[in-house]
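Residues per chain, in single letters:
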Amino acid sequence: MLRSLLQQRVVLITGKGGVGKTSVAAALARLAAARGSACSWSEIGLSAEVSSPLARLFGRATLQPRLNQLLPDSPGFLLLAHLGHQIFFESVLRSRTLTRAALSSKGIRKLL
């Protein structure tokens, strides 16, 4: 099963809070690196200043919204939620002005 999993182009680790998603993701990254497979990983966060559970499993406190090399051949990225929202709204609304207005709306922010 692990061989098949590691041969996939994309593996998403999802689930409710506290079920071990971060530990599974870190273990898979370490296993892929140990087997010589190149892999990249990402964590979705709110801020680069907030402590990262994934980074802690690799001996760091935080991740940055740029390339983070925690293992050989295993770059990782911190995906900031607000940037994802901005990119999505700009692609749909096709206007930075409308995007700024939408993202400053209390009603829309509650939905995000």
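Residues numbered from 1 in each chain as written. Predicted model: local features only at pLDDT ≥ 70, side-chain atom pairs only at ≥ 80, totals over all residues. Heavy atoms only, no water.

1. What about the packing of helix 4 (residues 81-93) against helix 5 (residues 96-104)?
Each pair of packed helices gets described by two things: the angle between the helix axes and the distance between those axes.
So, point 1. Relative to each other, helix 4 and helix 5 sit at 130°, their axes nearing to 9 Å. Our classification of the angle between helix 4 and helix 5 gives oblique. The hand of the helix 4/helix 5 crossing is right-handed. Between helix 4 and helix 5, the residues in contact are His85, Gln86, Phe89, Glu90 and Leu93 and Arg96, Leu98, Thr99, Ala102 and Leu103, respectively.
So, point 2. Residues of the contact of helix 4 with helix 5, tallied by class, amount to 5 nonpolar, 3 polar and 2 charged. (Axes fitted to C-alpha atoms, helices over the stretch in contact; angles between N-to-C directions. Helix = DSSP H or I, 4+ residues; strand = E, 2+ residues; numbered from the N terminus. Parallel < 35°, antiparallel > 145°, perpendicular 65-115°, else oblique. Left-handed = near helix turned anticlockwise from the far one by under 90°. Contact = heavy atoms within 4.5 Å. Nonpolar A, V, L, I, M, F, W, Y, C, P; charged D, E, K, R; others polar.)

2. Quick look at a nonpolar patch on the surface
So, point 1. Taken together, the side chains of Ile44, Leu67, Phe77 and Leu79 define a hydrophobic patch exposed on the protein surface, amounting to about 380 Å² of accessible area.
So, point 2. Looking at the secondary structure, you find Phe77 in strand 3 (residues 74-80). (Patch = residues over 30% accessible without salt bridge, like charges linked within 9 Å, V, L, I, M, F, W, Y side chains within 5 Å. Areas by Shrake-Rupley, 256 points an atom, 1.4 Å probe, with all protein chains shown as cover. Salt bridge = Lys/Arg side-chain N within 4 Å of Asp/Glu carboxyl O.)

3. Focus on the sheet that holds strand 3
So, point 1. Across the sheet, 3 strands lie side by side as 1-3-2; this open sheet has mixed pairing. One side of each edge strand has no neighbouring strand; the edge strands of this open sheet are strand 1 (41-45) and strand 2 (68-71). Direction aside, neighbouring strands of the sheet carry axes that sit 35° apart on average.
So, point 2. Pairing geometry for strand 2 and strand 3, over 3 bridges, is antiparallel. Bridge pairing links Leu71 to Ser74 in strand 3. (Pairing = 2+ DSSP bridges.)

4. Some points on the confidence of the model for the protein
So, point 1. For the protein, per-residue confidence averages 88 on the pLDDT scale, and 100% of positions sit at 70 or higher.
So, point 2. When mean pLDDT is taken per element in the protein, helix 5 scores highest with 94 and helix 1 (residues 2-6) scores lowest with 84. (pLDDT = per-residue confidence, 0-100.)

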